[in-house]
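Chain by chain, the residues run as shown.
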Amino acid sequence: MTALDDKINERFPGLVVRKDLVKAVKGNAIVPSYVLEFLLGQYCATNDEASIQSGIETVKEILRKHYVHRNEAGLIRSNIREKGRWKVIDKISVDLNTDRDVYEATFSNLGIKKVIIDSGTVKTHPKLLVSGVWCIADVEYEHSEDKNVAPWVLGSIKPIQLSKFDYDAYLQARAGFTTDEWIDLLFQTVGFDPEMFGRRSKLLQLMRLVPFVERNYNLIELGPKGTGKSHIFSEFSPHGILISGGEVTVPKLFVNNSSGKIGLVGYWDVVAFDEFAGRQKRVDKALVDIMKNYMANKSFSRGVETLGAESSMVFVGNTKHTVPYMLKHSDLFEELPEKYYDSAFIDRLHTYVPGWEIDVIRGEMFSAGYGFVVDYLAEILRHMRNDDYSNRYRDLFSLSSDISTRDRDGVNKTFSGMMKLLFPADDASESEVEEILHLAMEGRKRVKDQLLRIDSTYPDTDFSFTGRDGRKVSVTTLEQTEYPDHYHKRALGHEEPTPSEGISPATSAPAASGAPVTHGGKAVPLVPREGHRVFNENQKGVTFADLFWPWVAGAKKIVITDPYIRMFHQIRNVMEFVEMIAVRKAPEDEVSVHLVTCLDETYPEKQQSNLMAVEAAGAAAGISFSWEFDGTNTIHARHINSDTGWKISLDRGLDVFQKFEMNDAFSLANRLQAYRQVKGFEVTYLRQ
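Residues numbered from 1 in each chain as written. Predicted model: local features only at pLDDT ≥ 70, side-chain atom pairs only at ≥ 80, totals over all residues. Heavy atoms only, no water.

Further remarks concern the side chain of K448. Looking at where K448 falls in the secondary structure, it is placed in helix α18 (residues 430–454). Accessibility expressed as a relative area gives 4% for K448, which makes it buried. In terms of polar contacts, K448 uses its side chain to reach the side chain of D407, at 2.6 Å. Apart from the residues lying within four places of it in its own chain, the contact partners of K448 are S404, D407, Y458, P459, T461 and F463. (Helix = DSSP H or I, 4+ residues; strand = E, 2+ residues; numbered from the N terminus. Buried < 20%, exposed > 50% of the residue type's maximum accessible area, 1.4 Å probe, protein only. Polar contact = N/O pair within 3.5 Å; in protein donor to acceptor, adjacent residues only side chain to side chain. Contact = heavy atoms within 4.5 Å.)

This paragraph deals with the pattern of salt bridges. This model, assessed by the stated rule, comprises 43 salt bridges. A salt bridge links R382 to D269, with the shortest nitrogen-to-oxygen separation between them at 2.9 Å. Of this pair, R382 sits in helix α16 (residues 374–384) while D269 sits in the loop between α12 (250–253) and β9 (270–274), and the two are 113 residues apart along the sequence. Take R382: its relative accessible area is 34%, and that puts it in the partly exposed class. A salt bridge links E661 to R362; the nearest nitrogen and oxygen atoms lie 3.9 Å apart. With E661 in the loop between β25 (646–650) and α24 (668–671) and R362 in the loop between β13 (351–354) and β14 (370–372), this residue pair connects regions lying 299 residues apart in the sequence. Among the charged side chains, a salt-bridge network with shared partners connects R200, E357, E442, R446 and E479. (Salt bridge = Lys/Arg side-chain N within 4 Å of Asp/Glu carboxyl O.)

Tracing the chain through its elements places K60 in helix α4 (residues 49–66). A sequence separation of 21 residues divides K60 from L39, and the C-alpha atoms of the two residues are 9.6 Å apart. Once you skip the residues sitting within four places of it in the chain, K60 turns out to touch A24 and V25.

Among the nonpolar cores identified, the biggest contains 91 residues, and F12, I89, F372 and L422 are the most heavily contacted of them. For F372, the contacting residues outside a window of four places in its chain are F12, L15, V16, K19, E37, Y170, W182, L185, L186, T189 and L377. Grouped together as the second largest cluster of nonpolar side chains are 69 residues, I80, V88, I241 and V255 included. (Core = buried A, V, L, I, M, F, W, Y, C linked by side-chain atoms within 4.5 Å.)

With that out of the way, let us pick up the sheet that holds strand β12 (residues 312–318). Spatially, five strands are ordered β8-β9-β12-β7-β13 in an open sheet, and the strand pairing comes out parallel. Bordering the open sheet on either side are β8 (240–244) and β13, each of which pairs with just one other strand. Between one strand axis and the next, the sheet turns through 20° on average, direction left out of account. Pairing geometry for strand β7 (residues 218–223) and β13, over four bridges, is parallel. When the bridges of β13 are listed, L219 appears paired with T351. (Pairing = 2+ DSSP bridges. Axes fitted to C-alpha atoms, helices over the stretch in contact; angles between N-to-C directions.)

The subject of this paragraph is the side chain of T227. Summarising the element assignment, T227 is placed in the loop between β7 and α11 (231–235). According to the relative accessible area criterion, T227 is buried, its value standing at 1%. Side-chain polar atoms of T227 contact the side chain of K229, separated by 3.4 Å. Not counting residues up to four positions away in its chain, the partners in contact with T227 are R208, G355, I358, D359, V360 and I361.

Moving on: helix α21 (residues 544–552). Of all nine residues that make up α21, nine are buried, and the element is covered over most of its length. Among all positions in α21, only F544, A545, D546, L547, F548, W549, P550, W551 and V552 are buried. Where α21 is buried, its residues contact β20 (531–535), β21 (557–561), α22 (568–584), β24 (639–642), β25 and β26 (681–687). Immediately beyond the C-terminal end of α21, within one or two residues, lies G554, with a positive phi of roughly 85°.

Quick look at the structure:
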């Protein structure tokens, strides 16, 4: 257990569970995580290993005896008949039989229908009437000679969700965590290992929780397959429902005018549309029109009556093309179904989560640490939907007057949701408020900038905010930084700007390979000059060749000073630096590369062995690699000096790349630096 896990158990006793236990008990049960964690929270909410193992066996036994697998439904029905009563875990939905004036329950996996359920239970749990709820239920069997009477009787029913919680205790416990620790706790609750992700990636994924904590919030996330876009909405909370984008109708989503029955938006906090992208999908135009009105006004019509609802709308789908391809040939909404590819619909989206920044999920990314029992956090988030934190930045920052009311609403709602998630006690520092505000504005700017490509009537907007000290912060999206020549495109009728004019190659975004940077379609070689470059977290297209080669080209001696060349991936970075020189220097030239670092006191033999391997590899290319350990272990600065007269100051040294799959020989990120995401870092070039 980590120090964070110890603190989590200390501050939230009985309300957290080890996240890898879900896999340990799930087996082949097709059941949401919150159902399993409801059981684990009862038997395994501890850090005592013996109690955990005992609890796991108890939960497995409960699932074995009471969870209904579809292929074993006949056996369970037989058990109910023979024993007279049996406890089952199943998804139960309820309908009103108007002919008999009774409510009848249907058990999804057990395969029984017309089970009488009292109206009091239905009133207490109205979601039973819409799409069903996972429950623990006692089912009895009473045979009747009347063929119209089903033999099944519902003895008791308990929806699998938390019955109560102490919000003040939650706030008090939150105060015991730093911001980074709290982000990691939320991230482990979602199920991922925070060590495998950078801060920006964590915050982007936590933005998926904003619809649960913010009423009437409209979020879209499009990106490659396999990044976990739909996981949170299908398994995280009993207050959200995930439906296929192609299975939605007006009666199912909003209201059935003939029966008066309210649809999903009346019962769920979050309605998420899975597989929403796809140009060929058939969509009812009437549904789109009602949805646009609901997303803008929080209401919909039933005949002459107007009804309101609080459900947030989430749209997730896959993209077929890379970001630069979409920016060059169309826009970032190109995969929307045709009837949703409409500026009025898109303008109602509060934020666009860039799914392409989130890595494809790999096995080692899942957490074995502690996180909240998700049902507990789901109830906390639902409670906070009553709060409004949208004005919490106004004493510190003011938005540009250029930002429209709809843009401002999108920014405010995202900001409010993220503040509730991270700082429920409203105790964020000024820099933390700025970070969240910047993220909220970026999400809305991504929507607005694509609208400029789709509809020529939308004006350019200055997405910026000003601090109380007069400092102005202009917000840019990451793809705007990476692909400036394709990003600024307008719909027909507007002249396309040329943002790259006047940008010097030394300070512009790096090229996607060792090739020269391109501006306006023309290749411009990087010229070594003094300057400062800033790279954003999750940015791609960064290579050692772009960062270093123009400043070390022609060098006979290069000295790397970095105290943290100890672990395998850090020494691999040194090897890739040597490789960069090997493929670019003249074959007849010889270069000396000397490393000054600190000894790894934990695994010194492994460190020495890996450095010797770099030495052997470099010798084959005429590169003499050597190293020394600083005896005082006091060096902190990271820089590269060369006899060409340049000093390159590095705030992260060579360790600029985020974690990637090093053992996958068929991964482009493994073989080419340009396909890796970087950490946020800065480089300064100085003439000595």
